[in-house]
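Each chain, written out:
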Amino acid sequence: MGVTSRYWQLVKIDGVGRRQVQEITPAKVFFADLFPAIAHNAHNDLPDAEIQRELLQVAQDAPIDRCLLAQRCLLCFISWQIEQACLQIAEKFGTNHGFSSVDLLPYVLDDDGSIQPSDDYQCSARKILQTFDPQQSSLTTWTTTRVKHDAGLNQFLLECGVYLVSDWAILNDTRPHQIERIFTEFYSLTPDEIQQAQQLLDSYHAVYRTARLQQRAQGKGGKCSVPTTQQLQQIATLVASKTGQTCKSEIVLTKLQQLADRLRQYRIYIRGGYLPTESLDTLLLNNYIDTPKLLDNEDEQLDFLQLYRPQFLSCLEQALAVVTQSRVDKLQRKKSEKDKQFLTALQLFHCQNLSMTEIAARVGLRAQDAVTRLLKLKEFRNDVSQQLLMMLCDRVLELAKKYSQIESMTTLEQQIKIALNEQVELVIREAEIQAQTARPYIKTSLFNDKLCRYLDIINEVK
């Protein structure tokens, strides 16, 4: 399920780098014609994959005018995913390396919203769409992948000291003979130290890289994960056969990470970046990620966390959009100004922290009790809670299938639902606390932050 307006609203930046959301009216009309049942709902029950499959079909087979409009709808969707990818990179590395998503967006968010493609310049979104193969991945995944491989964006990140490649990918594509040159010229290490590094890399290639190549030959791709305990033991055995020195698998893991870190620093330097840097595998955790504890393997937990947190935030944003729009639609059917009063009151209460009495005066209602009845905040939060839980369960169960055997899913499903329910309750409880807190002591909750962001978007497209 997705927010349908993303197929006709374009995320872009203006001439001074400010984020804007532009509605493309021809794309909106075309989308409504192609999907009349879902076009007027803020949220829909049709999966994005099915919508995109239909749009791609039209983009390939329809007359040129409909072909271009179908492409425009897909390009609008891509713009939202590009923004999400930049937000994820900034959230992970920005604080420690001194940049924000605003610094990243100009490199990849360069679509001007035109229906006709330019003869002189091809924006990032069109490049992503042209290279997208629905048989290989989803449009969301493909967009994120392409953003992380954008040359301009990566050069900027290198200058900030961030190299978006994992330790294990670096070790995979470094040849042992390169070690001698790099460690001699760049690090001035002794011949014995260089030989030990070469022996370690040789052993790593014989075990991990060989297994990786075999997996790829079988059509199994994906990111390079941390070596398994068995692989580390095999590497340790190989190293011992060459050096006569035995060491535990944990020590081998540490030495491999140290080797990769030196190679990472070297690559950043020769590509024009600065030192020091940080591994892609370092994760930032927060209060909303207890669900991965259901997984036994620590490596799986870390991998899961990278996928789970953006899903949680995305579901919260979508749940707020769905419930807000549903309330607006219901009020609009009464043919009064209540829907506009509702949106204004919602914004004044959550984003400007005004009292009910102050809001009543601003929106033209008799008194504070009228605002209370209009907003129905407890009911509003409960609706968001139910919507969020439903969305999260679907997303997380789908993610969990990657990590668990099918026969254990029934038990795992119950555990996940319990864990998610606790996390959703935490978010709602924070929102309740904020609503009851005196203004001088208010601390913004995640719920309010996302709701205000959504209300800002609505105001921008009006």
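Shown above is the structure to which this text applies.
Residues numbered from 1 in each chain as written. Predicted model: local features only at pLDDT ≥ 70, side-chain atom pairs only at ≥ 80, totals over all residues. Heavy atoms only, no water.

What exactly am I supposed to notice about the state of the cysteines here?
Two cysteines, two sulfur atoms, one covalent bond between them: this is a disulfide. Under the criterion given, the structure shown has 1 disulfide. The disulfide bridge from C351 ends at C452, spanning 2.2 Å between sulfur atoms. Here C351 and C452 share a disulfide; its torsion about the S-S bond, -115 degrees, makes the bridge left-handed. Remark: C452 occurs in helix α19 (residues 446–461) and C351 occurs in the loop between α14 (338–350) and α15 (356–363); sequence separation between them is 101 residues. C351 sits in the partly exposed class, given a relative accessible area of 24%. Overall, C452 belongs to the buried group, its relative accessible area being 13%. The thiol of C315 is not disulfide-bonded; the next cysteine sulfur, from C393, is found 9.6 Å away. Overall, C315 belongs to the buried group, its relative accessible area being 0%. (Disulfide = S-S within 2.5 Å. Helix = DSSP H or I, 4+ residues; strand = E, 2+ residues; numbered from the N terminus. Buried < 20%, exposed > 50% of the residue type's maximum accessible area, 1.4 Å probe, protein only.)

Looking at this structure, how should I read the packing of aromatic side chains?
In this description, a pair of aromatic rings is defined by centroid distance and the angle of the planes. On inspection of all chains with the given rule, the structure shows 10 aromatic pairs. Ring geometry for F99 and F156: centres 5.9 Å apart, planes at 80 degrees, overall edge-to-face. Separated by 57 residues along the polypeptide, F99 in the loop between α3 (64–97) and α4 (101–108) and F156 in helix α7 (residues 151–159) bring together distant segments of the chain. Aromatic rings pair up to connect Y7, W8, F31, F35 and F77 into one cluster. The ring of F183 carries R262 above its face, with NZ or CZ at 5.9 Å from the centroid. (Phe/Tyr/Trp six-rings, centres within 6.5 Å; stacked < 30°, edge-to-face > 60°. Lys NZ or Arg CZ within 6 Å of the ring centre and 35° of its normal.)

I keep staring at a positive patch on the surface and nothing clicks. Help me out?
Among the surface-exposed residues, K330, R333, K334, K338 and K376 lie close enough to one another that they form a single positively charged patch. Structurally, the position occupied by R333 is in the loop between α13 (298–332) and α14. Judged by relative accessible area, R333 falls into the exposed class, the value being 62%. (Patch = residues over 30% accessible without salt bridge, like charges linked within 9 Å, V, L, I, M, F, W, Y side chains within 5 Å. Areas by Shrake-Rupley, 256 points an atom, 1.4 Å probe, with all protein chains shown as cover. Salt bridge = Lys/Arg side-chain N within 4 Å of Asp/Glu carboxyl O. Lys, Arg positive; Asp, Glu negative; His and termini not counted. Charge placed at Lys NZ, Arg CZ, Asp CG, Glu CD.)

Where do I start with helix α9 (residues 176–185) in this structure?
All buried positions along α9 are accounted for by P176, I179, I182 and F183. Taken around the axis of α9, the buried residues stretch over an arc of 105 degrees, which confines them to a single face. Exposed residues pointing more than 90 degrees away from the buried face of α9 are listed as H177 and E185. (Arc of directions from axis to C-beta.)

I tried to follow the pattern of salt bridges on my own but got confused; where do I start?
Proximity of charged atoms lets side chains of opposite charge pair with each other. Across all of its chains, the model carries 12 salt bridges by this definition. Among the salt bridges present, the one from K28 reaches E23, with a minimum N-O distance of 3.6 Å. K28 sits in the partly exposed class, given a relative accessible area of 33%. Residue E83 is joined to R453 by a salt bridge in which the shortest nitrogen-to-oxygen separation is 3.7 Å. Residue E83 is located in helix α3, and its partner R453 is located in helix α19; the two are separated by 370 residues in the primary sequence.

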